[in-house]
Structures are given as structure tokens and as C-alpha cells.
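Observations on chain architecture
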Amino acid sequence: MIEKAYLEITNICNLSCAFCHKTGREKRQMTKAEFEHLTDRLAGEVKYLFFHLMGEPLLHPLLPQFVKRAREKGFLPAITTNGTLLHSRGKELLDAAPYKISISLHAPAANAAFSDADYLTACLDFGKEIAKRGTIVAFRLWNIGGAGESENKTVLAALHDAFPTQWEEKWSGWRLAHKVFLEWGEEFDWPDRNAPAIAADAPIFCYALRNQIGIHADGTVVPCCLDADGVLSLGNLHDKPLAEILSTPRARAIYDGFTMHRAAEALCRRCGYARRFKA
């Protein structure tokens, strides 16, 4: 069983942040019928279903319904959001009860929308409320070493005010309260065909196809959640079952390559995130 599938219900975003790779694919939102078909094919094959790859999932009008259907099909549904639409759509998510919601707070340097005076308060208030209902909440600061790290003091002060009890250190950050976490992460360079590459025999590792896959809004399966443009397309889940797609020569070469700490694909040798796992 694959641990995580990143199901892109929309590749449309309401922001344009400097750190985001973005995508040149046609703008698209997944239909209800497409969602049903794809999740039927993923059922029993995947544990966690993340409603994100590119795009902002809260833009999709059927997100709460999708979360509920995912639960009914045996998935643990999770959402990654920039948080800017929680003021208008948060109530629907409270009722839908996702397993986890990750709210990115690391973007003030990348987009002025995050500097709105009410933005941080809305995110923290929502996080408190949905955590009370049993959803895991992860506030994210994935900007360590980047231009936005200097702005973390303001965010951390607000988090301490909102969660004043003793924080408990975890491997990826802190536990702020029951069901509420702060996740740290270094800023990284997205895989890009035009970026400098490491040597073909250089040690590198990735969990792509080992514990995660990505599915674009049109059903295209890619090895990981960072393949924004489908460069490493393995097939379309609308056309073939997942087991068949993961058995293709390209998929096997990627998997076996990382087993030997080598990147079979040129794009993977241009991925800043994968380099942190090198042997």
C-alpha cells in the first residue's frame, strides 16, 4: 500500500507566491464524476489522501463533499492550504472533518496577501476550533534559510499567544496543544528542467513511489507531489489501474534507482528537496 496520494482536485490558485514553482498546465478543476472514478481506483491502494499538489483546494466548491466521500471510501483525507480562504469556507471544513489540515504560514515575504492584519488571526482561530473537533492541525513554517525566515518572529509570537501552554518538541517541529503542531522546514528549490543538475552517479534518495504518488487534476499519475508539470508522467489513472501504472518500466526504474541512491530521471537530479535525503 502507498502511504500518501496527492490528489490535485484543482490546479488553480488564488495567489502567486514567489517560492511556488507554479504550473504551465491547462487550468482545471476535477469534476465529481472524475473524483469518484479516481478514488475508486485508489481505494485499498492508498492510506492518506491529500487534496493538494498544485492549486488551492479551498477554491474547489465540492471540497467538503470530497472530504466526506474520501472518509466513506476508507481514506484518511488531508488538506494543505494557504489559509486565505478560511474566513469564507472554514465552516464547511469544520463540518466535513478532515483527518488533517496543514496551513502554510511561511509566505509574507512571498505574497502581500499574507500580510493582511486578519489573516493570521483567522488561521489560528480556525485551527483551534477544528482541533477541538478531532482534526490534526499543522501550522507550517517551511522557510528556514530563506528570505522569509526573518518574519517568523511575528508568527511565533502569535502562536505563543494562541497556545500559551508548554510546547513539546517533536522531530519536525513542536506540539503546541492537543492535535495542534508547528512544522519547521528548510526552504528548497523545486525540481526544474532548467536548474543545475547533480551528476548521474551522485548519491540521492527520494520517497517517490515508495510512500507517495501524485495525481494531477486530469488523472495523470506522477511519482511525487513536486512534479508540477507532469514531466515524469507514468500514465493516467482514468485509463489504467494504479498497480499497472506502478509496474511500467519508467516507474520501476525510478523506484529501483532510488533504492540504489541514484536518480534515474534528469528532473530528479534537479530537485532541491530530494538532495536532503542523499546518502
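Refer to the structure printed above.
Every value quoted in this text rests on a predicted model; they were computed, and no experiment measured them. (Residues numbered from 1 in each chain as written. Predicted model: local features only at pLDDT ≥ 70, side-chain atom pairs only at ≥ 80, totals over all residues. Heavy atoms only, no water.)

Comments concerning the overall build of the protein
Of the regular secondary structure elements, the protein holds seven helices and 11 strands. Here the C-alpha radius of gyration of the protein, 19 Å, is about what a compact globule of 279 residues would show, namely 19 Å. Each principal axis of the C-alpha atoms in the protein carries an extent, and together these give about 50 × 40 × 35 Å. Among the 279 residues that make up the protein, the fraction classed as buried is 51%. Approximately 12800 Å² of the protein is accessible, and the part contributed by carbon and sulfur atoms is 52%. Put simply, the protein has 34 plus and 33 minus side-chain charges, and the middle of one group is 3 Å from the middle of the other. (Helix = DSSP H or I, 4+ residues; strand = E, 2+ residues; numbered from the N terminus. Rg over C-alpha atoms; globule rule 2.2 N^0.38 Å. Buried < 20%, exposed > 50% of the residue type's maximum accessible area, 1.4 Å probe, protein only. Areas by Shrake-Rupley, 256 points an atom, 1.4 Å probe, with all protein chains shown as cover. Lys, Arg positive; Asp, Glu negative; His and termini not counted. Charge placed at Lys NZ, Arg CZ, Asp CG, Glu CD.)

Some thoughts on the environment of Glu 45
With respect to the helices and strands, the residue Glu 45 is situated in the loop between α1 (32-42) and β2 (46-50). Accessibility expressed as a relative area gives 33% for Glu 45, which makes it partly exposed. Along the backbone, Glu 45 and Ala 243 are 198 residues apart, and their C-alpha atoms lie at a distance of 8.5 Å. Not counting residues up to four positions away in its chain, the partners in contact with Glu 45 are Met 1, Ile 2 and Leu 242. (Contact = heavy atoms within 4.5 Å.)

Notes on unusual backbone geometry
Across residues other than glycine, the phi torsion is negative in most instances, and most of the peptide bonds are trans. Here the phi dihedral of Lys 22 falls at roughly 65°; this positive angle occurs in a residue that is not glycine. Looking at where Lys 22 falls in the secondary structure, it is placed in the loop between β1 (2-7) and α1. The phi dihedral of His 261 is positive, around 60°, even though this residue is not glycine. The residue His 261 is located in the segment after α7 (249-259) in this model.

What about the nonpolar core?
Core analysis: the biggest nonpolar cluster contains 80 residues, and Leu 42, Phe 51, Leu 105, Phe 139, Leu 159 and Ile 215 have the highest contact counts within it. Ranked by residue count, the leading element in this core is helix α4 (residues 119-132), at seven residues. (Core = buried A, V, L, I, M, F, W, Y, C linked by side-chain atoms within 4.5 Å.)

With respect to the environment of Phe 19
By the element assignment, Phe 19 lies in the loop between β1 and α1. Spatially, the C-alpha atom of Phe 19 lies 25 Å from that of Leu 63, the residues being 44 residues apart in sequence.

Brief notes about the packing of aromatic side chains
A full pass over the atoms with the stated rule returns eight aromatic pairs. With a centroid separation of 5.9 Å and an interplanar angle of 40°, the aromatic rings of Phe 35 and Phe 51 are classed as tilted. In this pair, Phe 35 sits in helix α1 while Phe 51 sits in the loop between β2 and α2 (63-72), placing the two residues 16 residues apart along the sequence. Taking the relative accessible area as the measure of exposure, Phe 51 reaches 1% and is therefore buried. By way of ring pairs, the aromatic residues Phe 35, Phe 51 and Phe 66 are connected into one cluster. Directly above the ring of Phe 163 sits Lys 128, whose terminal nitrogen or CZ lies 5.8 Å from the centroid. (Phe/Tyr/Trp six-rings, centres within 6.5 Å; stacked < 30°, edge-to-face > 60°. Lys NZ or Arg CZ within 6 Å of the ring centre and 35° of its normal.)

Some details on the side chain of Asn 82
Mapping Asn 82 onto the fold places it in the loop between β3 (76-81) and α3 (86-96). Since its relative accessible area comes to 8%, Asn 82 is described here as buried. Of the polar contacts made by the side chain of Asn 82, one reaches the side chain of Thr 84; its length is 2.6 Å. (Polar contact = N/O pair within 3.5 Å; in protein donor to acceptor, adjacent residues only side chain to side chain.)

Here we look at the environment of Asp 161
Looking at the secondary structure, you find Asp 161 in helix α5 (residues 152-162). Of the residues examined, Asp 161 reaches a relative accessible area of 66% and is grouped as exposed. Taking C-alpha positions, Asp 161 is 20 Å from Ser 102, a pair spaced 59 residues apart along the chain.

Let's talk about the state of the cysteines
Tallying each qualifying case throughout the model produces zero disulfides. Cysteine Cys 224 shares no disulfide, and the gap to the nearest cysteine sulfur, in Cys 206, comes to 5.4 Å. (Disulfide = S-S within 2.5 Å.)

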